[in-house]
Amino acid sequence: MKKTITNKRLDYIDWAKALSIFFIVIAHFLKEEHILRIMLYSFHVPIFFLISGILFKQNSFTKLFKRIIIPYIFYYLVSSILVIILDNKPVSILLDIFYFDGKLDLWNSVLWFLPCYYIVMNLMSILLRLFKDKIWVTLIVSIIISIFFFYNDTLRYFGLNKCILLYNYCCLGYLLKNVFTKVSLHKNNKTAIISFILFILTLIVYGTINQGNPISINGNDINNIIVYILFSAAECILFLLALSCTKENRLIKIISNNTLFIMCTHLFFRICLRKILNVSSLIYQLSGIFVFIFEILIVLCIAKCFKSNKINLKFLGLNIDKERDMAI
């Protein structure tokens, strides 16, 4: 399959990443049955894998390990120590870092994303070498496997059921790389507006269908998997098309470069609000917005302090003032 080659940074990708991490943060502070949370959960994780497919390039296992697994290990250890102290969890919880059971019995549960992302990226790399122009065959196979085995406990090890599901979006993004590159290079306001309207409509329809049913890939709870795949794929594509006319913005670029840091740290504020401050339910649900703003301020402060210093902060998931090297 012939792929468009361009060195131009795609502005809509930065906007998509920045908005998606915002959606992840605010959704984590809403009640499970809240309709807004259900709508956001329908696409805010798949979008990162779709973007990964669009941006995909062959990376060594070592580079991926340093970029993804090192921050995972760091934040898991810090989170485990806190949960052992605050919740009197047994020290054996440290062993869950291997993600063998495909779940994290941890307050910083969002960390599940990282080992799954690492597996999916390596899987994509291997399958591309094997199938090359016929990579679409693997998409069909993975969809079928997802439908039949997502709820099967035999595939939960190392989150393989989640990885198979999320591979679908990565592969789809790779196959649509040409489309999204051309859309970005030939911006069309009409396309963006229509896509935005359709995106909102699909969110409303999906939220209505699943009203009262918590949706969570991490919790292996996505109700009807066929409906989920169809709606989430459509929402991801429409979301990107709706952002196709966005322009470069320095703040958005900084947020986009540091989504990994924001993802791994925002739940630290949640444990503070729950365990230490004991805030009311209403304040707690609204606090996601303020947590996101605070996260941005932290990133900006770190960027300003370390901009001129050659200090590698990638073990924290930080990518200060550098070019984006992957989707997370």
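Look above for the structure.
Quantities reported herein were computed from a predicted structural model and do not represent experimental measurements. (Residues numbered from 1 in each chain as written. Predicted model: local features only at pLDDT ≥ 70, side-chain atom pairs only at ≥ 80, totals over all residues. Heavy atoms only, no water.)

Student: Please explain the overall build of the protein chain as it appears in this structure.
Tutor: Along the protein chain, the regular secondary structure elements total 13 helices and zero strands. The order of α-helices and β-strands along the protein chain, N terminus first, is α-α-α-α-α-α-α-α-α-α-α-α-α. For the protein chain, the residues scored as buried account for 52% of the 328 residues in total. For the protein chain, restricting intrachain contacts to residue pairs at least 6 apart in sequence, the fraction spanning at least 24 positions comes to 82%. For the protein chain, the accessible surface area stands at approximately 15,600 Å², while carbon and sulfur atoms represent 68% of it. (Helix = DSSP H or I, 4+ residues; strand = E, 2+ residues; numbered from the N terminus. Buried < 20%, exposed > 50% of the residue type's maximum accessible area, 1.4 Å probe, protein only. Contact = heavy atoms within 4.5 Å. Areas by Shrake-Rupley, 256 points an atom, 1.4 Å probe, with all protein chains shown as cover.)

Student: Hey, could you run me through helix 6 (residues 135–149) in this one?
Tutor: Along its 15 residues, helix 6 runs 21 Å from first to last C-alpha, staying within 8% of the 21 Å computed at 1.5 Å per residue. Ile135, Thr138, Leu139, Ser142 and Ser146 are the residues of helix 6 that are buried. Angular distribution of buried residues about the axis of helix 6 spans 105°; they occupy a single face of the element. Packed against the buried residues of helix 6 are helix 5 (113–131), helix 7 (160–175) and helix 10 (225–242). (Expected span 1.5 Å × (residues − 1). Arc of directions from axis to C-beta.)

Student: Would you explain the packing of helix 11 (residues 250–257) against helix 13 (residues 281–306) in this entry?
Tutor: Angle between the axes and distance between the axes: these two values describe a pair of packed helices. Axis separation between helix 11 and helix 13 bottoms out at 10 Å; the angle between their running directions is 90°. As the angle between them shows, helix 11 and helix 13 are arranged roughly perpendicular. Along the contact surface, helix 11 presents Leu251, Ile254 and Ile255, while helix 13 presents Phe292, Ile296, Val299 and Leu300. A per-class count over the contact of helix 11 with helix 13 returns seven nonpolar, no polar and no charged. (Axes fitted to C-alpha atoms, helices over the stretch in contact; angles between N-to-C directions. Parallel < 35°, antiparallel > 145°, perpendicular 65-115°, else oblique. Nonpolar A, V, L, I, M, F, W, Y, C, P; charged D, E, K, R; others polar.)

Student: Explanation requested: the side chain of Ser79 in the structure shown.
Tutor: Checked against the element boundaries, Ser79 lands in helix 4 (residues 61–86). The buried category is assigned to Ser79, whose relative accessible area is 0%. Residues contacting Ser79, with those up to four places away along its chain left out, are Leu106, Trp107, Asn108, Leu111 and Phe268.

Student: I keep staring at helix 10 and nothing clicks. Help me out?
Tutor: Note on helix geometry: an α-helix contains 3.6 residues per turn, so any two residues three or four positions apart are oriented the same way. For helix 10, which comprises 18 residues, the first-to-last C-alpha distance of 25 Å matches the rise-based estimate of 26 Å (1.5 Å per residue) to within 8%. The complete set of buried residues in helix 10 reads Ile225, Tyr228, Ile229, Ser232, Ala233, Glu235, Cys236, Leu238, Phe239, Leu240, Leu241 and Ala242. At the N-terminal end of helix 10, a side-chain oxygen is found 3.0 Å from the backbone nitrogen of Ile226, two or three residues along, and the residue is Asn224. (Polar contact = N/O pair within 3.5 Å; in protein donor to acceptor, adjacent residues only side chain to side chain.)

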